[in-house]
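Each chain, letter by letter, is given below.
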Amino acid sequence: MVHFAFLDWFWVIAFIILMTVCGILFYKLGKRSMADFFLAGRGLPWWLPATSVYATHTATDTPIWVSGVVYQYGLRGLWYTFFSAWCAISAFASTRIFRRSLAYTQAEWQTLRFSGLGAELLRGWIAGWQVFMNMFVLGWVGMAMGKLCNYLFGWPQWVALVLFSTICAVYVLAAGYWGVVMSDFQQGVIAFLVIVIVSFWGISVAGGPHGIVSKLGAMGQSWRLNPFAFSGLTGGDFPLVWFLTMLVIAVIGGFGMGTSIDWYPEAQRIQSAKTVRDASYSIWSGTALIVIRNSIWAVAILGFFVLYPNIQETAQYEMAWYRIGFEYLPVGMVGLFFAAIVAIHLSTISAHLNLGASYATRDLYHHYFKPKATEKELVWVGRVSTLILLIGSFIYGSMMKEITQWLIFALWIMAAGIWLPSILQVVWWRFNSWGYLSSWIANLGLSWLVVWVLPEFRLIPDLPDYLQFWIMMVLGALIYLPITFLTKPEDMDRLVKYYVMSRPLGWWKPVRLEAERRGLVVPEAGAAKGGN
Amino acid sequence: MSWIKRRWTAVEADRWTKEDYLTFVISPLVYVLLMIGTALSLLLRWYGFLLLGGGVVLLLLMLWIIDPKLKAISESYEVKQKQYLEEIEKIARWEK
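Values in this document were obtained by computation on a predicted structure and should not be read as measured data. (Residues numbered from 1 in each chain as written. Chains lettered and ligands numbered in written order. Predicted model: local features only at pLDDT ≥ 70, side-chain atom pairs only at ≥ 80, totals over all residues. Heavy atoms only, no water.)

*Asks:* Pulling in residues and values, what's your account of the overall build of chain B?
*Replies:* In terms of regular secondary structure, chain B is built from three helices and zero strands. For chain B, the sequential pattern of α-helices and β-strands runs α-α-α. Each of the three principal axes of chain B carries a C-alpha extent, and together these read 60 × 35 × 15 Å. For chain B, with 96 residues in total, the buried portion stands at 51%. (Helix = DSSP H or I, 4+ residues; strand = E, 2+ residues; numbered from the N terminus. Buried < 20%, exposed > 50% of the residue type's maximum accessible area, 1.4 Å probe, protein only.)

*Asks:* Run through the domain arrangement of chain A, naming residues and quoting values.
*Replies:* Residues and elements named next belong to chain A. The domain architecture assigned to chain A consists of domain 1 (6-19 + 32-427), domain 2 (428-487) and domain 3 (491-532). At the interface, 38 residues of domain 1 touch 24 residues of domain 2. Together domain 1 and domain 2 conceal approximately 2,800 Å² of surface at their shared face, both sides included; 76% is due to carbon and sulfur atoms. Here domain 1 and domain 2 share zero salt bridges between them. If you look at where domain 1 meets domain 2, you find eight residue pairs in polar contact (both at pLDDT 80 or more). Going through the elements one at a time, helix 8 (106-113), helix 9 (116-153), helix 12 (240-252), helix 18 (375-417) and helix 19 (419-427) are the ones with two or more residues in the side of domain 1 that touches domain 2. For the side of domain 1 that touches domain 2, the element with the highest residue contribution is helix 18, accounting for nine residues. For the side of domain 1 that touches domain 2, a count of residues per class yields 28 nonpolar, nine polar and one charged. (Domains from an automatic or database assignment. Contact = heavy atoms within 4.5 Å. Buried area = accessible area lost by both parts, 1.4 Å probe. Salt bridge = Lys/Arg side-chain N within 4 Å of Asp/Glu carboxyl O. Polar contact = N/O pair within 3.5 Å; in protein donor to acceptor, adjacent residues only side chain to side chain. Nonpolar A, V, L, I, M, F, W, Y, C, P; charged D, E, K, R; others polar.)

*Asks:* Please set out the side chain of arginine 362 of chain A residue by residue, giving values where relevant.
*Replies:* Considering the arrangement of structural elements, one finds arginine 362 of chain A in helix 17 (residues 333-369). Not counting residues up to four positions away in its chain, the partners in contact with arginine 362 of chain A are Met34, Tyr104, Glu108, Arg123 and His367 of chain A together with Ile88, Glu89 and Ala92 of chain B.

*Asks:* Outline a nonpolar patch on the surface, supporting the account with residue identities and numerical values.
*Replies:* Residue and element names in this part refer to chain A. Together, Trp46, Trp47, Phe185, Val189, Leu193, Ile197, Trp201 and Val205 line one region of the surface with nonpolar side chains, adding up to about 670 Å² of accessible area. Ranked by residues supplied to the nonpolar patch, first place goes to helix 10 (residues 157-205) with six residues. Among the secondary structure elements, valine 205 is positioned in helix 10. (Patch = residues over 30% accessible without salt bridge, like charges linked within 9 Å, V, L, I, M, F, W, Y side chains within 5 Å. Areas by Shrake-Rupley, 256 points an atom, 1.4 Å probe, with all protein chains shown as cover.)

*Asks:* Could you give an account of the environment of proline 227 of chain A, with specific residues and numbers?
*Replies:* Mapped onto the elements, proline 227 of chain A comes out in the loop between helix 11 (208-218) and helix 12. On the basis of relative accessible area, proline 227 of chain A is assigned to the buried category, the value being 6%. Considering only alpha carbons, one finds proline 227 of chain A and alanine 288 of chain A, 61 residues apart in sequence, at a separation of 18 Å. If we skip the residues at most four places from it in the chain, proline 227 of chain A touches Leu75, Arg76, Trp79 and Phe238 of chain A together with Ile36 of chain B.

*Asks:* A description of the nonpolar core should follow, citing residues and the corresponding values.
*Replies:* In a soluble, globular protein the nonpolar side chains are often hidden away together inside. Among the nonpolar cores identified, the biggest contains 212 residues, and Trp79, Trp284, Trp321 and Phe338 of chain A are the most heavily contacted of them. Beyond its immediate sequence surroundings of up to four residues, tryptophan 284 of chain A is in contact with Cys87, Ala88, Ala91 and Phe92 of chain A together with Ser27, Val30, Tyr31, Leu34, Leu59 and Met62 of chain B. (Core = buried A, V, L, I, M, F, W, Y, C linked by side-chain atoms within 4.5 Å.)

*Asks:* I'd like a rundown of the interface of chain B and chain A, residues and numbers included.
*Replies:* The interface is formed by 48 residues belonging to chain B together with 68 residues belonging to chain A. Between chain B and chain A, a total of about 5,200 Å² is buried, with carbon and sulfur atoms accounting for 68% of that surface. In this structure, the connection of chain B to chain A is made through four salt bridges. Counting only elements with at least two residues in the side of chain B that touches chain A, the list comes to helix 1 (10-13), helix 2 (18-42) and helix 3 (46-92) of chain B. Top contributing element to the side of chain B that touches chain A by residue count: helix 3 of chain B, with 20 residues. Along the lines of polarity and charge, the residues of the side of chain B that touches chain A split into 30 nonpolar, five polar and 13 charged.

*Asks:* Tell me about the state of the cysteines, residues and numbers included.
*Replies:* The term disulfide refers to a covalent linkage connecting the sulfur atoms of a pair of cysteines. All names here are of chain A. Considering all chains together, one arrives at zero disulfides over all chains under this definition. Among the cysteines around cysteine 22, which has no disulfide bond, cysteine 168 carries the closest sulfur, lying 12 Å off. Here cysteine 149 stays free of any disulfide, with the sulfur of cysteine 168 as its closest cysteine sulfur at 14 Å. For cysteine 149, a relative accessible area of 0% translates into the label buried. (Disulfide = S-S within 2.5 Å.)

*Asks:* Would you mind going over the side chain of threonine 275 of chain A in detail, with residue names and values included?
*Replies:* Examined against the element boundaries, threonine 275 of chain A turns out to sit in the loop between helix 13 (263-272) and helix 14 (276-307). Among all residues touching threonine 275 of chain A, those that are not within four sequence positions of it are Arg99 of chain A together with Ser74 and Glu78 of chain B.

*Asks:* Now, about unusual backbone geometry: what can you tell me, with residues and values included?
*Replies:* All names here are of chain A. In this structure, arginine 458 takes a positive phi of about 60° despite not being glycine. Along the chain, the position of arginine 458 falls in the loop between helix 20 (433-456) and helix 21 (465-486). According to the relative accessible area criterion, arginine 458 is exposed, its value standing at 72%. Positioned with a positive phi, arginine 503 is a non-glycine residue whose angle comes to about 50°. Within the fold, arginine 503 resides in the loop between helix 22 (492-502) and helix 23 (509-517).

*Asks:* So, helix 1 (residues 6-24) of chain A: which residues are in play, and what are the values?
*Replies:* Residue and element names in this part refer to chain A. When the terminal C-alpha atoms of helix 1 are compared, their 27 Å separation across 19 residues agrees well with the 27 Å that a helix rising 1.5 Å per residue should span. Along helix 1, the residues that are buried comprise Asp8, Val12, Phe15, Ile16, Met19, Thr20, Cys22 and Gly23. Taken around the axis of helix 1, the buried residues stretch over an arc of 165°, which confines them to a single face. Residues of helix 1 that are exposed and point over 90 degrees away from its buried face: Phe6 and Ile17. Those residues of helix 1 that are buried lie in contact with helix 2 (27-30), helix 10 and helix 17. (Expected span 1.5 Å × (residues − 1). Arc of directions from axis to C-beta.)

Take a look at the structure:
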């Protein structure tokens, strides 16, 4: 339990009022249209979605996760956080293509890229899955806050889950994405400043940079300072092949859409930027802030390791960064620290409330139930969807212990077997909706087999995660590639329209030639020599 | 450095060129250098400052290469955006 003085509570209450009012102020802009309620009218300069990317991906469970991997692996642990680097290429490849498509959501993009029944099935599936996933993330992150407040104040876990999500819902309901992005800006600034202050405080407490380095040396733990201290080619706790697999997943994944679970919130930020250039810079710089933030955290966690080197329980050392703040900051500063944690929490909750509602409104209600709905009606459906997501998150939160294992499995499915098809749908004209749909279905079965069923019956050994990834990728391709070639290519009219709008990267030559023949695209000089 | 194109027409900027491919290579490197460089600089390692400085230089180089092209793409695309948005609304409302 932590004792809060008057000044501590002052910080917390002042920040909550600031964050809520900041969001509500944009009520009039949010209610103008569905494009305003979910994309801020597609008119934001790059730095607003950039801070939103940063703030959204700084959640209450993020320092817990970073603390866990850095305490365990030293600076090598930073590579576990490097999956966010898919934005390095995405910012200049798939971000440009997606922004030019003007799709509200990734689900909508499926019906611009593909055509017919397959495209509609994909849109419905991705929309439903995203509503579910956002509800799950809200419950997950809400419970992380519940556990933290239980540790700090002894509150029952549901209290913080309900209290902070409800406060957040006030401005999301009122102003939609305008409220989200404007609050994210000040929440992002507060969070970054406090992360720097608390981490530097921790480094200082541990003896400063030189103190940490010399103490690690004296403990025989200097390897923790080397981000490239591999344990071998394939063996040990940090093999080179894991590192190379991670680099492939993270970096090459940037050519696709949906190769990372973070693509979906980013897609909303991409479409809210006022130009293609703003979209690219917002995604790139928001992620650069995340990468730098992780490094600042990592050094503070090394300091914590020097102070407490023998913690064995994961649940204990995962709280490292929070312990630095709550155990070492002076009275008055602790409240500021907690206010920043609330900022971190609200930015994530608000983003997922609005994102989940966008799929429910745009892709399910508007597209399938009432295509002729007015803008006013759609904004109200957005609000009702937000409310349903909020209530759903409370239910998920209360069930979290039972379902977490299943849902982590679902996330793993997403990462492993859909990775390559999510790239192919962007870069290869011949990849069709049936190929992409079959990859989702095939991966569901294959991941069960490879990760759980076959090892359980001792038919195959327990495989390291990097090997599971490659095996599932190859097995999946053996299913979706034949299906792609055995079914018809997408309708050429749709492909040409998509090509002219989005100018995709990769193997699009037949579509480009058709667009040139129709006079929709200026022929490339030397096109006869080949090219894309 | 005339090898890098700095003046783009709208039609030229729509195509994927070596400037894009160079950016694909430099951009992940910048993230790696910023991440490792920041951590090691905070620990006052000299090579940390070197890596961080390298990251900043590469970032500036990347912007120098790609920014003129991104500007050209954005300017030409804004003109077409309204028409595209109308197309998308028709699809959403099942009007074709």
